[in-house]
Amino acid sequence: LHPELRVELDLSPDPRDLAGGGYDDAIRYGHGHWPGLHAIPLFPSVFTPLCAPGLADIARDLEDPNRQLRVSLLGRPDWWALWYRDLGHANGPAPERFGTTFSAEYLDVAAAIAGHGVAIGSPILFADDIAAGRLTRVHPHAATDGRAFWLVYPAARQRSAKIVAFRQWIAAEIAAAIH
């Protein structure tokens, strides 16, 4: 849309200093409160059980955290505990119900796609995999911990032409993808 602008992606898990001029804006994960930065919500962080379609029937019994499954749980135990609490259970799944531990959500979902278990993951971030039939939602409920993905930039530079152009572009892309 704006070929005159250069986009450089830095996928570091550590937040970059936006005041120093090396970066114009960023997408951050959290509650939206970063001193000196203007934050625009992009989409909420929600998570739900996801698995390969071939495991869907086996995984349907996961609504009870005490029921034994023939498949491992993948992903963050705290997200699983929140998901189960939202369903009315006092406790989350026992540690022995978990399979391999990975360092990032996309790795949990890759393992789920490969049939290695049920991941707790974002139906928004993995919407393309769901639409393509590589993943299926096991349960309609999605939980949240209240965080979201935000476009952030220094408040003092909010009228910068390149920040305005990127902000308008990403907002339109996300709106089209989510709705």
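Just above sits the structure.
Residues numbered from 1 in each chain as written. Predicted model: local features only at pLDDT ≥ 70, side-chain atom pairs only at ≥ 80, totals over all residues. Heavy atoms only, no water.

1. A short note on the pairing of strand E6 (residues 143-154)
Sheet topology places strand E1 (residues 26-30) next to E6; 5 bridges connect them, and they run antiparallel. Residue pairing in the sheet places Arg 28 in a bridge with Trp 150 of E6. Here strand E2 (residues 37-51) runs beside E6; their pairing, made up of 9 bridges, is antiparallel. Across the sheet, the residue bridging to Val 46 is Thr 144, located in E6. (Pairing = 2+ DSSP bridges. Helix = DSSP H or I, 4+ residues; strand = E, 2+ residues; numbered from the N terminus.)

2. Notes on the pattern of salt bridges
A full pass over the atoms with the stated rule returns 8 salt bridges. One salt bridge in this structure joins Lys 162 and Asp 24, with 3.3 Å as the shortest N-O distance. Linking Lys 162 in helix H5 (residues 161-178) with Asp 24 in the segment before E1, this pair joins segments that are 138 residues apart in sequence. Relative accessible area serves as the criterion here: at 40%, Lys 162 is assigned to the partly exposed category. Classification of Asp 24 by relative accessible area gives partly exposed; the value is 25%. In this structure, Asp 78 engages Arg 76 in a salt bridge whose closest nitrogen and oxygen atoms are separated by 2.6 Å. Overall, Asp 78 belongs to the partly exposed group, its relative accessible area being 36%. Of the residues examined, Arg 76 reaches a relative accessible area of 32% and is grouped as partly exposed. Look at the salt bridges and you will find they share partners, linking Asp 24, Arg 157 and Lys 162 into a network. (Salt bridge = Lys/Arg side-chain N within 4 Å of Asp/Glu carboxyl O. Buried < 20%, exposed > 50% of the residue type's maximum accessible area, 1.4 Å probe, protein only.)

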